Each structure stands twice: as C-alpha cells, then as structure tokens.
Amino acid sequence: MSTRIVAESGFHSPGPADFEFPPLFGEGTFFTKPMLVIVLGTIAVGAFFYFAARRSTLVPGKLQFAGEAVYGFVRDGIARDAIGREGIKYVPYLVTLFGFIAVLNISGIIPVLQLPATSKIAIPLFLALISWVIYNYVGISRQGFGGYFKNMMFPPGVPKAIYPLLAPLEFFSTFIVRPFTLTLRLTFNMFAGHLVLLLTILGGEYLIFEYQGLVGIAAGSVSILFSIVLTFFEAFVQILQAYVFVLLSAIYIGGALSHEH
Amino acid sequence: MSPDDPDDTRRTDQTSAWDAFSLVVSGVAVWGGVGWLVSEWLNSRVFLVLGLLVGMGSALYLVWVRYGKP
C-alpha cells in the first residue's frame, strides 16, 4: 500500500537504473560518468604518490608523511601480516591496488562526482582477475605446475577414499569462488551503499520540497540528517572494503607461496 | 612455515577464516550442482538433496581437516 501512495505522488525510488549513465558528451559518444571517475581517480592516485615520493626528505613534509603512512600501512598491516617475509616483493602491487580501490570507492561521497565507480562490476572483476592471475602464477612458479595443483587439491591427513569428494571442492574454491567473492563483495557493498545514500538524500529532498506539510518536513529532515550519518558510515565502509580486497589478495598470494604441508 | 614463528601463526589464523567460507560455498555449489544435474536427468529430487548434504558434509570435513586439527 505504501508503495502505491509513493508511486502516485511521483517519487521515483532509486534502483539499479541509477547506475546506468548516458554518454557525457551527447548521443553517439562513449564516455560516461563512471569512466570519468576512473580517469580522475587514476590521476589522483598517481599524482598523490608521485608528489609524495618526489623530493623525499629525512624529515617528511605533510604529503610525504601521508604517502608513507599509506605505504607503511599496506606493507606492515597487509603484506607482512598476510604473506610474511617475502611480502615486501608484492608491496608495490598491493599499495597501488589499495590506493586505486580506495579512491574509486571514496568517489561515492565526493560532491559532484558522487558515484563509487567500483559499483560497476567490471572494475572489481578486472582487479580480481589481476589478483587471480598473480596468485596462480606465483603458486605455479613456486611449487611447480603439478605440485601447485596437488597441494591445492589433495590436502594431507585425509583418507585416500575421500579425495574424489574433496578435490573438486578445493579446485572450485580456489579457481572460481575466490575471484567471484572478491568481485561481488566489493561491487555490492558499493552498490548498496550508493543506493542507501540516494534513497535517504533524494527521499528527504522529496519529502521536504514536494510532499511538504508538517509530516513531510519533519520526516524529510530526519531523512537528511540520517543521510549525513550514513555518509560518514559509507566513508568507513569504502576504506574497509578497499582494505579487505587488498588483504584477501595478499592472503591468496601468501597461500600460493607457502602451502601448508 | 614454522609454527613457532609468531608471524606465521597469525597469517594462518587470518587465512583460515576466509578460506573456510570459500570452501563451504564451494561444497554446496559443486556437489549441490552435481546433484541438481542428476535430479534433472532422472527426474527425482532426491539427488539434489543428497548432493547438497554431501557437499556441505565434505566441505565441513575439509574445513576441519585443514584448520580444525591442533
């Protein structure tokens, strides 16, 4: 019933259609808003690390300090924890990955942009595929082609008769489920967060300016206030999801490097 | 990987939580999928249920073997 009232009064509730964008420069061109966010985000990440690393001094300036903080966090908090001593080799990839995802996520709460580009599934999917290629490559080059698959699919300490039951599980888990969960976790966290923000902001605006009356203004104000709280919450989720994506990539690389025997 | 190295034990703890999840999903997907195919083929739903149960069971067993043993 409530949906009918809303529909009749003309409020357009946000949905997946809000993630489809027309070309920015008119019919026939291909450049859309998510692409703009990616380009800007890439430039931002590149510029940040370039200027942070340029003219590094022993007593760091503000920018250098920020750059080193991000680098140190990924190196100590992710690479060293999840991969171990060999992790230092993969820090450049992990730092880049973290910066890229974090910036594309955060673009969801930056005024005017206000779109987490990572809510378009192609981006997390490709990043997950890169991680997938890396950890499989690392595993195969470290343990040998046969050894990698043997260690993965035939865990020690299991009666031989059960292997036919377990080996497909391990294979499926490592080759299919891992990249998919990486992709879906990031995409739909950003997707859902963006929807919630759209709903509270647009809904509040509609209640105040279109529905009006005491009820409309009161409920609309609550909705707007709530959207501010949710924006801070989203900022937290956006950084957290970037961290989780990178942490899992590092864990997979670490697992491929040294399989438990 | 030596168990007395604090760096290494912390790493295994983290890995197991995420891998366990991934394994349980795989168990249900793989053997549930096989069961579903057999069900479609033989027109009997028993095999789907059987597949799901086998999948869950073997996934949980695998989690126990990998991470549950001291």
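What you see is a predicted model; the values in this text were computed from it and never measured.

Another aspect to go through is the environment of B:Gly33. Relative to the helices and strands, B:Gly33 resides in helix H1 (residues 6–42). The sequence separation of B:Gly33 and B:Ser22 amounts to 11 residues, and the corresponding C-alpha distance is 16 Å.

A few words now on helix H4 (residues 91–106) of chain A. Given a rise of 1.5 Å per residue, 16 residues ought to cover 22 Å, and the 22 Å separating the end C-alpha atoms of H4(A) matches this to within 8%. What H4(A) keeps buried is the set A:Val91, A:Tyr93, A:Leu94, A:Val95, A:Leu97, A:Phe98, A:Gly99, A:Phe100, A:Ile101, A:Ala102, A:Leu104 and A:Asn105.

Each partner contributes to the interface: chain A provides 35 residues, whereas chain B provides 28 residues. Around 2500 Å² of area is buried between chain A and chain B when both sides are counted, 60% of it from carbon and sulfur atoms. Inspection of the region where chain A meets chain B yields three residue pairs in polar contact (both at pLDDT 80 or more). Contributions of two or more residues to the side of chain A that touches chain B are made by helix H3 (62–82), helix H6 (145–153), helix H7 (163–211) and helix H8 (213–257) of chain A. Looking at which element gives the most residues to the side of chain A that touches chain B, the answer is H7(A), with 12 residues.

Moving on, we get to the UniProt feature "transmembrane region" (unreviewed entry) in chain A. All names here are of chain A. UniProt records the feature "transmembrane region" (unreviewed entry) for residues 35–53, 90–115, 121–140, 161–180, 186–207, 214–233 and 239–257 in the present numbering. Structurally, residues 121–140 comprises 95% helix and 0% strand, and the distance from its first C-alpha atom to its last is 28 Å. Secondary structure across residues 186–207 divides into 100% helix and 0% strand, with the first and last C-alpha atoms of the span separated by 31 Å.

So, on to the pattern of salt bridges. Residue and element names in this part refer to chain A. For the structure shown, the criterion picks out three salt bridges over all chains. For the salt bridge of Glu-86 with Arg-142, the shortest nitrogen-to-oxygen distance reads 2.6 Å. Residue Glu-86 is found in the loop between H3 and H4, and its partner Arg-142 is found in helix H5 (residues 122–143); the two are separated by 56 residues along the sequence. According to the relative accessible area criterion, Arg-142 is partly exposed, its value standing at 40%.

Conventions and cut-offs
- Residues numbered from 1 in each chain as written.
- Chains lettered and ligands numbered in written order.
- Predicted model: local features only at pLDDT ≥ 70, side-chain atom pairs only at ≥ 80, totals over all residues.
- Heavy atoms only, no water.
- Helix = DSSP H or I, 4+ residues; strand = E, 2+ residues; numbered from the N terminus.
- Expected span 1.5 Å × (residues − 1).
- Buried < 20%, exposed > 50% of the residue type's maximum accessible area, 1.4 Å probe, protein only.
- Contact = heavy atoms within 4.5 Å.
- Buried area = accessible area lost by both parts, 1.4 Å probe.
- Polar contact = N/O pair within 3.5 Å; in protein donor to acceptor, adjacent residues only side chain to side chain.
- UniProt positions renumbered as here; feature names shortened; annotations may be inferred.
- Salt bridge = Lys/Arg side-chain N within 4 Å of Asp/Glu carboxyl O.

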